[in-house]
Amino acid sequence: MVINLLLILPLVIPGLAAVIMLLVGRNPVLHRAVTTLASVLMVIFSIVIVQRIYTDGVLVTNIGNWPAPFGITVVYDMLSALLVLTTSIILFFVTVYSFQSIGVNNERYFYYPMMLFMIMGVNGAFTTGDIFNMFVFFEVFLIASYVLLTIGSSTIQLREGFKYLVVNIISSNFLVLGIGFLYSVVGSLNMADIHVKLSNYDGNLTVITLIGVVIMFVFLTKAAVFPLYFWLPDSYNAPPIPILAAFGALLTKVGVYALMRTYSLFFNLDYSYISTVLLVLSMLTIIIGCIGAISTYDMKMVIIYNIMIAIGFIISAVAMLDLDGMIGSIYYLIHDMIIKTALFLLVGFIIYRTGKHNAKDIHGLMSVHPVVGWTFFLAGLSLAGVPPFPGFFGKVYIVKSLFINEHYISGVIILFSSLVILYSIMRVFIHVFFGEHAVEEELKPMKTDKLLFSAVGLVIVSIAFGLSADFLYPYFEMAAQALADPFVYSEYIMGVE
């Protein structure tokens, strides 16, 4: 059996590039070049993988030639491939943005290697076929994120970094505990094999329920779902903008992906009460996010609370576990990764130019930066899901799934929260870009071409995503089928003893 090198390149490229940078010293220019090259290569290979899956179906390779379920397996279905592609695109734009924003001192202290190690862990979590290796990749990107969160060593970073560290250490210990219990019941760590064995399981369902509670507790914590979101707002508000953008786009989304994958494979066997719990928690997460988003004028915090609202949308669809819900959740998941990054980068541009975080303290930037202003406006419409932006298509399928399953109140909450999202963003837009004209001489002088390239570029990607929704639908339907019908994902393990 030959290892498919194409499938491990999204893991090898960032890891190898990070090691090279650690070995060649602290030259920022060299680090920038290596990271940019790595991100471009990842985008190219990710596109190739997506097309291969579209034509050939789920792709699997076994590391070390040990066959599944005994060895380490890398599994790409369409969902994994689309997430890896989106992660690679975000890495490229965040990297270019960092050239003019992160600061030379942070670059010298291995900012780019840590970013690539984090991406390697994120891609590994998206593509592993083994529940224990999912834990391992979680630890890889978490260790890198600890460094990134505290890089610069400001007081708030150290304080929030400690909180973030403690929360993740505790949740990771619970994950190991849950995996150990699961292995003791089914005798396997391969996720497809676990699905097959649990499908034929006739033992004590109370044990499976307890295991499910433990594992979902961990992933709900990492996804910042109510009431386990307490660590998110201040921790994400602490680091520099490029790091915040990467965190907001990727880290909670890995928790969402892990929940989607394990819930569909392990705990979908007539556990209607789990669906009810997830739906209730998702609605509470949306409500808390809405309250937070309209209670502050801090631009970063407005977007951070909107992360919670998006998480609630996605989890509500996951709770339904039908094809419409899965299509909607995947549309919205990828849309949110892109547009949240774009908004953080736009907010970062405003903060760098004005030196202010509070939207009420800024005015009239439209006279100086009209491109930024109208780009922010379009990004706000996209975030709120106004057609033809991609958030609209995700919400349509999510609400459709909720209504079909007779959860009308939940559907109405999602529709109403869309108005709250639009209000929270347009309020910032009006304060920052209108009113008395800003004076160029009062703004901080700085180079902005790479900042604008990344921020505007990601908004263009989001708009293109929305306009090509019909073209992309077969890809998202294929991704959703692997969640709605786990047999699509686990078929490669059938017949293996």
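Right above here is the structure, for reference.
None of the values given here were measured: they were computed from a predicted structure. (Residues numbered from 1 in each chain as written. Predicted model: local features only at pLDDT ≥ 70, side-chain atom pairs only at ≥ 80, totals over all residues. Heavy atoms only, no water.)

On to the overall build of the chain. Each helix and strand counted, the chain has 20 helices and two strands in total. In terms of overall size, the chain behaves like a compact globule, its C-alpha atoms giving a radius of gyration of 22 Å where 497 residues would be expected to give roughly 23 Å. Structurally, the chain occupies a C-alpha span of about 70 × 55 × 45 Å along its principal axes. Burial status across the chain gives 62% buried among its 497 residues. Residue pairs at least 24 apart in sequence account for 81% of intrachain contacts in the chain once pairs closer than 6 positions are excluded. For the chain, the accessible surface area stands at approximately 18000 Å², while carbon and sulfur atoms represent 69% of it. For the chain, the distance from the average position of its 21 positive side-chain charges to the average position of its 26 negative side-chain charges is 13 Å. (Helix = DSSP H or I, 4+ residues; strand = E, 2+ residues; numbered from the N terminus. Rg over C-alpha atoms; globule rule 2.2 N^0.38 Å. Buried < 20%, exposed > 50% of the residue type's maximum accessible area, 1.4 Å probe, protein only. Contact = heavy atoms within 4.5 Å. Areas by Shrake-Rupley, 256 points an atom, 1.4 Å probe, with all protein chains shown as cover. Lys, Arg positive; Asp, Glu negative; His and termini not counted. Charge placed at Lys NZ, Arg CZ, Asp CG, Glu CD.)

Our focus in this paragraph is a nonpolar patch on the surface. Judged by side-chain polarity, Val 12, Leu 16, Val 19, Ile 20, Leu 23, Val 24 and Leu 30 come together as a nonpolar surface patch covering roughly 590 Å² of accessible area. When residues in the nonpolar patch are grouped by element, the largest group, five residues, is from helix 1 (residues 5-23). Along the chain, Ile 20 turns up in helix 1. (Patch = residues over 30% accessible without salt bridge, like charges linked within 9 Å, V, L, I, M, F, W, Y side chains within 5 Å. Salt bridge = Lys/Arg side-chain N within 4 Å of Asp/Glu carboxyl O.)

Sizing a probe to match a water molecule and rolling it over the atoms shows the empty space that remains. When its volume is computed, the largest pocket comes out at roughly 400 Å³. Residue lining of the largest pocket: 17 residues in total, with Leu 82, Leu 85, Ile 89, Phe 465 and Leu 472 positioned closest to the centre. Mapped onto the lining of the largest pocket, the elements with two or more residues apiece are helix 2 (28-56), helix 3 (78-98), helix 14 (323-354), helix 18 (449-467) and helix 19 (469-484). Computed from the structure, the second largest pocket encloses a volume of approximately 160 Å³. In this structure, the second largest pocket is lined by Thr 209, Val 213, Met 216, Phe 217, Leu 220, Tyr 273, Ile 274, Val 277, Leu 278 and Leu 281. Taken together, the elements giving at least two residues each to the lining of the second largest pocket come down to helix 9 (205-222) and helix 12 (272-294). Partitioned by chemical class, the residues of the lining of the second largest pocket number nine nonpolar, one polar and no charged. (1 Å grid on protein atoms, 1.4 Å probe; cavity = no way out; pocket = protein on both sides within 12 Å on 5 of 7 lines; lining within 4 Å. Points joined across faces, edges and corners; volume = space filled by probe spheres on them. Nonpolar A, V, L, I, M, F, W, Y, C, P; charged D, E, K, R; others polar.)

Turning to the packing of aromatic side chains, a few remarks are in order. Taken as a whole and judged by the stated rule, the model has 34 aromatic pairs. Here Tyr 331 and Phe 476 contribute two aromatic rings whose centre-to-centre distance is 4.3 Å and whose plane-to-plane angle is 5°, an arrangement assigned as stacked. Of the two residues, Tyr 331 sits in helix 14 while Phe 476 sits in helix 19, which places them 145 residues apart along the sequence. Judged on exposure class, the residue Tyr 331 and its partner Phe 476 are both buried. Where Phe 403 meets Tyr 408, the ring centres are 5.8 Å apart and the plane angle is 45°; that geometry is what we call tilted. Judged by its relative accessible area of 48%, Tyr 408 falls in the partly exposed class. Ring pairs connect the aromatic residues Tyr 331, Phe 392, Phe 393, Tyr 397, Phe 465, Tyr 473 and Phe 476, which therefore count as one cluster. One Lys or Arg, Arg 26, reaches over the ring of Tyr 109 and ends 4.8 Å from the middle of that ring. Between the NZ or CZ atom of Arg 427 and the centre of the ring of Tyr 297, over which it lies, the distance is 4.1 Å. (Phe/Tyr/Trp six-rings, centres within 6.5 Å; stacked < 30°, edge-to-face > 60°. Lys NZ or Arg CZ within 6 Å of the ring centre and 35° of its normal.)

This paragraph deals with the nonpolar core. In this structure, Met 118 and Phe 376 are the most contacted members of the largest nonpolar core, which totals 189 residues. Excluding anything up to four places from it in sequence, Met 118 contacts Phe 141, Ala 144, Ser 145, Leu 148, Ala 246, Phe 247, Leu 250 and Leu 251. (Core = buried A, V, L, I, M, F, W, Y, C linked by side-chain atoms within 4.5 Å.)

So, on to the pattern of salt bridges. According to the stated counting rule, one finds eleven salt bridges in the structure shown. As a salt-bridge pair, Arg 52 and Asp 56 come within 3.3 Å of each other at their nearest N and O atoms. Of this pair, Arg 52 and Asp 56 both sit in helix 2, four residues apart, which is roughly one turn of that helix. Across the pair Asp 193 and Lys 197 runs a salt bridge, and its minimum N-O distance is 3.3 Å. Taken together, the positions of Asp 193 and Lys 197, both in helix 8 (residues 191-199) and four residues apart, correspond to about one turn of that helix. The class for Asp 193 is buried, based on a relative accessible area of 7%.

Assignment of secondary structure puts Ala 223 in the loop between helix 9 and helix 10 (232-237). Owing to a relative accessible area of 0%, Ala 223 belongs among the buried residues under this scheme. Those residues in contact with Ala 223 that sit more than four places away from it in its chain are Thr 252, Gly 255, Val 256 and Ile 311.

Attention now moves to the packing of helix 14 against helix 19. Direction vectors running N to C along helix 14 and helix 19 enclose 120°, while the axes themselves pass 8 Å from each other. For the element pair helix 14 / helix 19, the angle class is oblique. Here helix 14 and helix 19 pass one another in a crossing that is right-handed. Residue-level contacts link Leu 323, Met 326, Ile 327, Ile 330, Tyr 331 and Ile 334 of helix 14 to Ala 469, Leu 472, Tyr 473, Phe 476, Glu 477, Ala 479, Ala 480, Gln 481, Leu 483 and Ala 484 of helix 19. Residues belonging to the contact of helix 14 with helix 19 are distributed by class as follows: 14 nonpolar, one polar and one charged. (Axes fitted to C-alpha atoms, helices over the stretch in contact; angles between N-to-C directions. Parallel < 35°, antiparallel > 145°, perpendicular 65-115°, else oblique. Left-handed = near helix turned anticlockwise from the far one by under 90°.)

Looking along the chain, the bond that leaves Phe 226 and enters Pro 227 is cis, with omega of 0°. Turning to its location among the elements, Pro 227 is positioned in the loop between helix 9 and helix 10. Here the residue pair Pro 387 and Pro 388 is connected by a cis peptide bond, since its omega of 10° sits within 30 degrees of zero. Structurally, Pro 388 is set in the loop between helix 15 (370-384) and helix 16 (390-404). The phi torsion at Ala 224 lies on the positive side, around 65°, for a residue other than glycine. Looking at where Ala 224 falls in the secondary structure, it is placed in the loop between helix 9 and helix 10. The class of Ala 224 is buried, set by a relative accessible area of 0%. In this model, Glu 406 sits at a positive phi of 65°, which is unusual for a non-glycine residue. Within the fold, Glu 406 resides in the loop between helix 16 and helix 17 (408-433). Look at Glu 406 and you get exposed, because its relative accessible area is 58%.

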